[in-house]
Amino acid sequence: MLELVVNGTPHAIDVAPDTPLLWVVRDHLGLTGTKFACGMGLCGACTMIVGGSALRTCVLPASAAVGQAVTTIEGLPAHPVKDAWIAEQVPQCGYCQPGQIMATVAFLETNPNPTEQDIREGVTNLCRCGTYDRIRKAILRAAQARAAASASKVEP
Amino acid sequence: MSRPLVPTGPLLNISRRDTLRALGGGLVVAFSLPGLASALEPVDPTVDLGVATPDGAPAHLNAWIRIAPNGVVTLRMPAAEMGQGVYTSLPMLLAEALDCDWAMVRAESAPAHPDYARPLGFLGLESQLTGGSWSVRGYWTPLLEAGAAARAMLVAEAAEQWGVDPAACTTVAGEVCHGDKRATYGSLAAGAAGRKPPRKVSLPDPAAYTLLGTSPPRLDLPPKVDGTAVFGVDVKVEGMVHGTVVPCPHYGGKVGKVDDTGARGMPGVLDVLVFPGEVVVLAEHFWQAKKAADAVKIEWDPGEGKGLDDTAVEAALVAAIAKGGSRIQREGKAVATADSTMLEATYDAPYLEHATMEPLSATARVTADRVDVWTGTQAQQMLRTLAARLAGVPADQVFVHTTLLGGGFGRRSELDAPRVALQAAMAIDRPVKLIWTREATFARGALRPAARCQFRATLGGGTIQRLEVTLAAQNILARFAPGFIANGKMGAMVAVEGLAEGPYHFPSIEVKYAAVDLPITVGWWRSVHGSFNGFFRECFLDECAHALGRDPIELRRELLRDNPRHRAVLDLAVDKAGVVPAGMSRGVALFESFGSIVAEVADVTVSDGAVRVHRVVAAVDCGRVVHPDTVRAQVMGGATMGLSTALYERITMKDGAAQERNFHTYPLLGPADAPSVDVHIVPSTEPPGGIGEPGLPPLPGAVCNAVFAATGKRVRRLPIGEQLV
Ligand code: FES
Ligand code: FES
């Protein structure tokens with residue numbers, strides 16, 4: 001039995017421990033928001049946040065996530081990144097977007113005030129529909145929204 | 001649980017509609033539209049979008065429109081949503097004519113049914129097919145008519161209830177009004193649904209459109225942002241088993257010896273199925289099937305593919321050009337002057353994979369009297385026909401559930417993924433969901449053909465006096481249309497799209513198409529032949545300008561003198577691009593495809609042979625625009641994908657098998673290299689053009705022309721790759 005905590009809920013799952021986390025979450029937990037695209041860690045469609053880092057879970061054995069908080073797109077609450085994605089009307093086919101969003105959420109945690117160049121280097125997920133220009137705009141917008149939110153928190 | 005598909009009214013025959021100019025500027029049409037009198041029961045729409053929730057039993061006004069008592073309007077989408085925004089633009093057409101409140105609109109996927117067919121735009125056929133950048137164009141009139149017909153029925157119902165003249169009633173945002181009387185569509189729908197559809201309706205006056213031409217937020221984006229959107233790979237069906245496919249990678253080849261002894265004993269494995277063209281491994285979970293598939297030992301018989309490598313492909317293209325091809329266009333006489341010179345060049349483009357981000361996938365359930373298929377398909381009607389044939393049931397017992405598509409670009413107009421799922425489900429008598437790996441998806445590509453284009457220009461008197469073009473490529477239409485069509489002028493016209501009868505005026509022009517016969521599967525790939533013809537022609541035009549000592553933009557403007565729309569697009573792109581930023585070099589290209597004209601300006605730098613495109617400025621004239629933000633998104637996406645092909649993409653062959661099987665050997669443009677793309681729309685009241693594809697063709701040419709401006713080197717073979725190093 002593999003014990004995982006996904007989106008705050010503990011699960012005991014009967015699965016070979018070397019099964020990639022992606023497939024445990026999709027097939028055993030039924031959470032299909034996270035996507036499979038390359039299976040080689042090349043595209044980022046399968047990105048989840050594991051122990052605070054954005055990881056490509058198609059190449060991550062589920063056993064490596066034991067004892068770490070796993071967050072999938074379904075577990076992401078109302079969030080400035082999601083709002084920014086809607087405001088900029090980013091997705092086209094949408095298939096890469098859960099991965100893009102999860103990668104961005106983790107990226108902004110480490111770099112809350114990125115430059116355009118930081119974004120180019122920091123969020124490297126592929127998008128065949130070519131939404132990169134809008135993704136960049138959405139990341140900048142989300143960063144501003146986060147900054148504004150934390151500024152309003154510190155002010156009395 | 002889905003209910004059977006029962007037409008509750010007679011289906012009207014398709015006939016030519018006669019169109020009359022109406023008083024007051026609107027258009028009155030008399031028609032008999034398929035689906036107008038039918039009310040198909042819902043068939044588990046896999047996609048159901050919108051914020052408003054219907055209450056109670058909805059009334060079916062026609063095959064497209066249901067209205068719930070609380071006024072929520074559910075619109076059935078005949079086409080597939082693959083990113084191009086049709087699940088917003090098609091509802092807008094219906095909602096405009098219905099005159100309902102946009103906030104109350106839902107959109108769901110329609111079943112595959114002849115009610116939802118539209119003209120294919122060529123061949124004179126109708127089908128429920130998403131492709132050819134044709135959804136808005138093909139459904140424009142049917143949806144306006146269906147919306148207007150439903151509106152007329154609601155008005156007639158209200159008028160009868162009030163005892164007033166329907167002509168004296170008006171509608172506003174989901175209500176019928178007369179004097180101080182008002183009734184909501186929701187309250188009228190049940191009665192209206194029982195009425196006969198009108199024989200004539202008046203379409204909204206374009207000058208009074210309230211929704212068309214605006215950009216409401218797309219209906220499909222909230223589920224795409226919160227992870228609830230259902231793609232083919234996400235389908236869940238009671239009792240299904242999971243599986244994966246190992247296709248024969250050799251075009252023209254087949255499965256040889258299979259040793260599955262090791263695989264069959266692996267955990268969770270249920271079965272290993274051997275079909276002529278592929279092996280399918282079924283298990284309780286996908287990963288078990290995938291691991292077992294890796295353990296199956298398969299010998300492939302390369303068949304016709306044997307010995308077919310890049311050298312052989314190129315030799316076939318060269319030989320086809322040498323043979324001369326068939327003439328598609330010949331106009332004017334060669335008028336050489338004393339100063340005339342000849343300029344010749346040959347261009348090449350490789351096979352390309354669609355590389356949709358979602359790999360191939362389909363789920364099928366086959367019982368004695370009912371077949372269900374869940375997949376992201378661009379070809380619902382053809383899939384319905386195929387499933388009926390495979391399972392041996394009438395077509396009306398086939399239920400196609402169209403999911404969202406994780407990219408289509410033409411690849412999902414192929415039926416291979418659902419076909420294998422159906423065969424597997426029949427073989428083991430259980431519902432089967434198959435997800436192909438990326439490697440399997442690459443191995444079964446329906447590729448953009450490789451092509452070679454030879455140009456010969458007579459230059460003199462400061463201009464191009466004569467242009468001769470010969471294009472060699474496999475004929476895509478050959479797989480889909482009878483030989484006499486594919487091999488006739490139609491097949492050739494499809495291939496030379498944009499090269500013949502183009503917008504530029506040449507005093508003398510000759511265009512030939514040299515068909516190439518190779519066993520490699522070629523298919524519809526975003527913008528099809530425009531994806532290389534734009535590169536070929538726009539780069540050679542630049543070569544001509546350079547040889548003539550003329551500015552490439554000025555030469556294009558002169559050659560476009562008979563086509564003010566094209567010239568205006570070019571001028572807008574150039575104007576918006578402004579001055580060339582310091583240190584950068586600029587290239588320009590223009591291409592018309594799918595009824596829309598796009599010009600793109602690329603600003604690039606080249607250092608150590610690496611091309612960096614900093615900015616693309618595009619202008620587009622796609623006629624009347626439904627949703628401007630979608631137009632901008634599609635041109636941005638097309639240009640970005642075009643850049644990916646210009647820089648990186650290439651499928652190579654060995655024994656007729658694609659050698660690239662994942663993104664490390666077939667790199668896609670990533671965010672680090674993606675330029676900003678500014679898109680400007682020419683305001684227009686012309687008939688609508690397509691928008692999913694036309695943004696792509698100009699881009700490779702614009703970039704390669706900019707590369708020439710930067711380095712003096714002509715790129716005549718895509719991708720640029722390492723050529724400049
Ligand atoms: S699917 Fe995991 S990185 Fe592509
Ligand atoms: S939106 Fe389609 S792959 Fe990114």
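Treat the numbers as computed from the prediction; the structure is a model and nothing was measured.

The next point concerns the overall build of chain A. A count of helical and extended segments in chain A gives five helices and five strands. Ordered by position from N to C terminus, the α and β elements of chain A give β-β-α-β-β-β-α-α-α-α. Taken over C-alpha atoms, the radius of gyration comes to 16 Å for chain A, in line with the 15 Å a tight globule of 156 residues would show. Looking at the 156 residues of chain A, the share that counts as buried comes to 55%. Look at the contacts in chain A between residues 6 or more apart in sequence, and 57% of them connect residues 24 or more apart. Element-wise, carbon and sulfur atoms account for 54% of the exposed surface of chain A, whose accessible area totals about 5900 Å². Distance from the positive charge centre (12 side chains) to the negative charge centre (13 side chains) of chain A: 9 Å.

Residue and element names in this part refer to chain B. At a minimum axis distance of 9 Å, the contact between helix 13 (residues 530-548) and helix 14 (residues 552-559) shows a crossing angle of 110°. What the angle tells us is that helix 13 and helix 14 run roughly perpendicular. Only Pro552, Leu555, Arg556 and Leu559 of helix 14 make contact with helix 13, whose side of the interface consists of Glu538, Leu541, Asp542, Ala545 and Leu548. When the residues that make up the contact of helix 13 with helix 14 are grouped by side-chain class, the tally is six nonpolar, no polar and three charged.

Okay, unusual backbone geometry next. All names here are of chain B. Following leucine 718, the chain continues to proline 719 via a peptide bond in cis, the omega torsion being -5°. By secondary structure assignment, the location of proline 719 is in the segment after helix 17 (698-711). The phi torsion at phenylalanine 409 lies on the positive side, around 55°, for a residue other than glycine. Along the chain, the position of phenylalanine 409 falls in the loop between strand 23 (398-402) and helix 9 (416-428).

Residues and elements named next belong to chain B. Counted at 1.5 Å a residue, the expected span for helix 9 with its 13 residues is 18 Å, and the 19 Å between its end C-alpha atoms agrees. Restricting attention to buried positions, one finds in helix 9 the residues Asp416, Ala417, Pro418, Val420, Ala421, Leu422, Ala424, Ala425 and Ile428. One or two steps after helix 9, the chain reaches aspartate 429, where phi turns positive at roughly 60°.

Before going further, it helps to spend a moment on the state of the cysteines. Taken as a whole and assessed by the stated rule, the structure comprises zero disulfides over all chains. The structure places no disulfide on Cys539(B), whose sulfur is separated from the nearest cysteine sulfur, that of Cys704(B), by 4.9 Å.

Interface size is commonly expressed as the accessible area that is lost once the parts come together. Residue and element names in this part refer to chain A. Under the domain assignment, chain A is made up of domain 1 (2-73) and domain 2 (80-150). With 16 residues of domain 1 at the contact, the number on the domain 2 side is eleven residues. Across the interface of domain 1 and domain 2, roughly 1100 Å² is buried in total on both sides, 66% from carbon and sulfur atoms. Put simply, domain 1 and domain 2 have zero salt bridges between them. Across the domain 1-domain 2 interface, the total number found is five residue pairs in polar contact (both at pLDDT 80 or more).

Let's shift gears to the pattern of salt bridges. All names here are of chain B. Taken as a whole, this structure holds 54 salt bridges over all chains when the rule is applied. Here arginine 370 makes a salt bridge to aspartate 372, at a shortest N to O gap of 2.8 Å. Across this residue pair, the class does not change: arginine 370 and aspartate 372 are buried. Among the charged side chains, a network of salt bridges with common partners joins Arg327, Glu344, Arg456, Arg466, Glu468 and Glu510.

We now examine helix 14 of chain B. Two residues of an α-helix separated by three or four positions point the same way, owing to the 3.6 residues in each turn. All names here are of chain B. Of the positions making up helix 14, those classed as buried are Ile553, Leu555, Arg556 and Leu559. Take helix 14 and look down its axis: the buried residues cluster within an arc of 160°, on one side only. In the core, the buried residues of helix 14 are packed alongside strand 26 (463-474), helix 13, helix 15 (564-577), strand 28 (585-593) and helix 17.

Residues and elements named next belong to chain B. With their axes 10 Å apart at the nearest point, helix 8 (residues 380-391) and helix 9 run at an angle of 25° to one another. One finds that helix 8 runs roughly parallel with respect to helix 9. Both helix 8 and helix 9 take part in a crossing whose hand is right-handed. Within the contact between the two elements, helix 8 uses Leu383, Leu386, Ala387, Leu390 and Ala391 and helix 9 uses Pro418, Arg419, Leu422, Gln423 and Met426.

Once that is clear, we can look at the sheet that holds strand 22 (residues 370-375) of chain B. All names here are of chain B. Strand order in the open sheet made by the seven strands is 16-17-14-24-21-22-23, with mixed pairing throughout. Of all strands in the sheet, those bounded by a partner on one side alone are strand 16 (269-274) and strand 23. Ignoring which end each strand starts from, the neighbouring axes of this sheet average 20° apart. Bridge analysis of strand 21 (residues 361-367) against strand 22 gives five bridges, and the strand direction is antiparallel. Looking across to strand 22, one finds that alanine 364 is bridged to valine 373. Along the sheet, helix 8 makes contact with strand 21, strand 22 and strand 23, crossing strand 23 at roughly 140°.

Turning our attention to the sheet that holds strand 3 (residues 47-50) of chain A. The strands that make up a sheet are held in pairs by hydrogen bonds between backbone atoms, and each pair lies either parallel or antiparallel. Residue and element names in this part refer to chain A. Ordered in space as 2-1-5-3-4, the five strands form an open sheet in which the pairing is mixed. The sheet is open, and its two edges are formed by strand 2 (9-13) and strand 4 (53-56), each paired on a single side. Strand-to-strand twist of the sheet, defined as the mean angle between neighbouring strand axes without regard to direction, takes the value 40°. Looking at chain direction, strand 3 and strand 5 (residues 69-71) are connected through two bridges and run antiparallel. Looking at strand 5, one finds that isoleucine 49 is bridged to threonine 71. In the packing of helix 1 (residues 21-28) onto the sheet, contacts are made with strand 1 (2-6), strand 2, strand 3 and strand 5, and the angle to strand 3 comes to roughly 100°. The sheet contacts of helix 3 (residues 97-110) involve strand 3, strand 4 and strand 5, and relative to strand 3 the element is tilted by about 35°.

It is worth spelling out the domain arrangement of chain B at this point. All names here are of chain B. Domain annotation of chain B identifies domain 1 (12-226), domain 2 (232-300 + 360-435) and domain 3 (310-351 + 447-711). Across the contact, 23 residues belong to domain 1 and 19 residues belong to domain 2. At the boundary of domain 1 with domain 2, the tally comes to zero salt bridges. Taken together, the links from domain 1 to domain 2 amount to seven residue pairs in polar contact (both at pLDDT 80 or more). Its residues assigned to classes, the side of domain 1 that touches domain 2 comprises twelve nonpolar, seven polar and four charged.

Residues and elements named next belong to chain B. Mapped onto the fold, proline 394 is located in the loop between helix 8 and strand 23. Residue proline 394 is classed as partly exposed on the basis of its relative accessible area, which comes to 44%. For the pair proline 394 and serine 127, spaced 267 residues apart in sequence, the C-alpha separation works out to 18 Å.

This brings us to the side chain of Asn62(B). Residues and elements named next belong to chain B. With respect to the secondary-structure elements, asparagine 62 resides in the loop between strand 4 (59-60) and strand 5 (65-67). Judged by relative accessible area, which is 1%, asparagine 62 ranks as buried. A polar atom in the side chain of asparagine 62 sits 3.2 Å from the backbone nitrogen of isoleucine 65. Polar side-chain contacts of asparagine 62 include one of 3.2 Å to the backbone oxygen of alanine 146.

Low pLDDT means the predicted atomic positions in that stretch should not be read closely. Residue and element names in this part refer to chain B. On average, residues of chain B score 92 in pLDDT, and 93% of them are at 70 or above. The model gives residues 1-26 a pLDDT under 50, and that stretch makes 54 contacts with residues more than four places away or in other chains. Both scores are available for the predicted complex, with the pTM at 0.95 and the ipTM at 0.97.

What follows is about the interface of chain A and chain B. Facing 47 residues of chain A, the contacting portion of chain B comprises 63 residues. Around 4300 Å² of area is buried between chain A and chain B when both sides are counted, 59% of it from carbon and sulfur atoms. Inspection of the chain A/chain B interface yields five salt bridges. At the boundary of chain A and chain B, one finds 26 residue pairs in polar contact (both at pLDDT 80 or more). In the side of chain A that touches chain B, the residues fall into 23 nonpolar, 13 polar and eleven charged.

Cut-off values and rules
Residues numbered from 1 in each chain as written. Chains lettered and ligands numbered in written order. Predicted model: local features only at pLDDT ≥ 70, side-chain atom pairs only at ≥ 80, totals over all residues. Heavy atoms only, no water. Helix = DSSP H or I, 4+ residues; strand = E, 2+ residues; numbered from the N terminus. Rg over C-alpha atoms; globule rule 2.2 N^0.38 Å. Buried < 20%, exposed > 50% of the residue type's maximum accessible area, 1.4 Å probe, protein only. Contact = heavy atoms within 4.5 Å. Areas by Shrake-Rupley, 256 points an atom, 1.4 Å probe, with all protein chains shown as cover. Lys, Arg positive; Asp, Glu negative; His and termini not counted. Charge placed at Lys NZ, Arg CZ, Asp CG, Glu CD. Axes fitted to C-alpha atoms, helices over the stretch in contact; angles between N-to-C directions. Parallel < 35°, antiparallel > 145°, perpendicular 65-115°, else oblique. Nonpolar A, V, L, I, M, F, W, Y, C, P; charged D, E, K, R; others polar. Expected span 1.5 Å × (residues − 1). Disulfide = S-S within 2.5 Å. Domains from an automatic or database assignment. Buried area = accessible area lost by both parts, 1.4 Å probe. Salt bridge = Lys/Arg side-chain N within 4 Å of Asp/Glu carboxyl O. Polar contact = N/O pair within 3.5 Å; in protein donor to acceptor, adjacent residues only side chain to side chain. Arc of directions from axis to C-beta. Left-handed = near helix turned anticlockwise from the far one by under 90°. Pairing = 2+ DSSP bridges. pLDDT = per-residue confidence, 0-100.

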